[in-house]
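Summary of the model geometry
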Amino acid sequence: MSSRKVLTLTLVRNSVGDILLGLKKRGFGEGKWNGFGGKVEPGESILQGAARELTEECGLKAHSLTKVGLLDFDFIDDPMRLEVHVFCTSDYSGTVIETEEMKPKWYKVEDIPFHEMWLDDPIWFSWYLKGGPQFKGYFLYKGLDKIVEQEVKSTDVP
Ligand code: 6U4
Ligand code: NA
Ligand code: NA
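For the structure given in this document, a descriptive report is provided here. (Residues numbered from 1 in each chain as written. Chains lettered and ligands numbered in written order. Predicted model: local features only at pLDDT ≥ 70, side-chain atom pairs only at ≥ 80, totals over all residues. Heavy atoms only, no water.)

Within the protein, the sodium ion (ligand 2) binds to Gly-37 (O), Glu-57 (OE) and Glu-101 (OE); these donor distances fall in the range 2.2 to 2.4 Å. Sequence spacing of the donor residues for the sodium ion (ligand 2), all on one chain, is G-x19-E-x43-E. The sodium ion (ligand 3) is placed at 5.5 Å from the sodium ion (ligand 2). Here the residue Glu-57 occupies a position in helix H1 (residues 46-58), and Glu-101 occupies one in the loop between strand E7 (92-93) and strand E8 (102-107), the gap between them amounting to 44 residues. Each of the two residues, Glu-57 as well as Glu-101, counts as buried. (Donors = N, O, S within 2.8 Å, 3.2 Å for Na, K, Ca; no water. Helix = DSSP H or I, 4+ residues; strand = E, 2+ residues; numbered from the N terminus. Buried < 20%, exposed > 50% of the residue type's maximum accessible area, 1.4 Å probe, protein only.)

Here it is as C-alpha cells:
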C-alpha cells in the first residue's frame, strides 16, 4: 500500500506585501497557521488541485499560480510520506472568507507567527519571501514536533 500523499500549499500575497495565512481548524496540522492546500485528487493536475483547494479553504480564486518549491516529508516509524508542492500568487480575485477548515488572516511579513506554524516553515519560508530561486526541501520528522534531518537547496542550479 502506497503511503505517499501529493499535497499542495499556496501562499497568497496582496498588493501591499501582506501574506494570507489560515488557522487550520481540523485535521492534519490543526491549530497551526499555514498556507492553503490539500490533497491532489485523481484526474486533476497538481496546479488544478492547488487552485481548487485555495478556493475551498479561503474563497479566493487564483488567476495564476507560481511554483515556489517542493517539500518532501518523512516520518520516523510511520510509512507516511508527504510531497508538498508550494505555490504563490498575487493574482487573484474574490473575497476572503472563513471556512469550515480555515480561519484566514492577513499578516505583515515581520509578524508571521512562526511559533504557531509547522517547525519546517521558518526554514524554507525565507526562500519564498526573497522571491526565489525555486527550492527543494527535505525534512525527517520524529513525531510532529521534532525535525531530525533537514535540507533545503535551490533547484535552479544546472
Ligand atoms: P481533507 O482530508 O480533504 O480534509 P485536505 O484538505 O485534502 O484534507 P490536508 O488538509 O490534510 O488535505 O492537507 C494538509 C495541508 O498541510 C497541505 O496544504 C500541505 C500542508 N502541510 C502538510 N505538512 C506540512 C508541513 N510540514 N509544513 C507546511 N505545510 C504542511 O508548511
Ligand atoms: Na487542506
Ligand atoms: Na481535499
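Once that is clear, we can look at the packing of aromatic side chains. Counted by the stated rule, this structure contains 11 aromatic pairs. In this structure an aromatic cluster arises from ring pairing among Phe-28, Phe-73, Phe-75, Trp-118, Phe-139 and Tyr-141. Against the face of Trp-118 rests Lys-32, its NZ or CZ located 4.3 Å from the ring centre. The ring of Trp-127 has Lys-130 lying over it, and the distance from NZ or CZ to the ring centre is 4.7 Å. (Phe/Tyr/Trp six-rings, centres within 6.5 Å; stacked < 30°, edge-to-face > 60°. Lys NZ or Arg CZ within 6 Å of the ring centre and 35° of its normal.)

A separate point is the environment of Pro-133. For Pro-133, the location among the structural elements is in the loop between helix H2 (121-129) and strand E9 (135-141). Here Pro-133 falls in the partly exposed class, since its relative accessible area comes to 27%.

A word on the side chain of Thr-99. Relative to the helices and strands, Thr-99 is located in the loop between E7 and E8. For Thr-99, the contacting residues outside a window of four places in its chain are Lys-25, Glu-56, Glu-57 and Cys-58. (Contact = heavy atoms within 4.5 Å.)

Moving on: the pattern of salt bridges. Applying the stated criterion across every chain, the model contains 13 salt bridges. A salt bridge links Lys-108 to Asp-18; its shortest N-O distance comes to 3.2 Å. With Lys-108 in the loop between E8 and H2 and Asp-18 in the loop between strand E1 (4-13) and strand E2 (19-24), this residue pair connects regions lying 90 residues apart in the sequence. Judged by relative accessible area, which is 12%, Asp-18 ranks as buried. (Salt bridge = Lys/Arg side-chain N within 4 Å of Asp/Glu carboxyl O.)

Function cannot be inferred from these measures alone, as they are strictly geometric.
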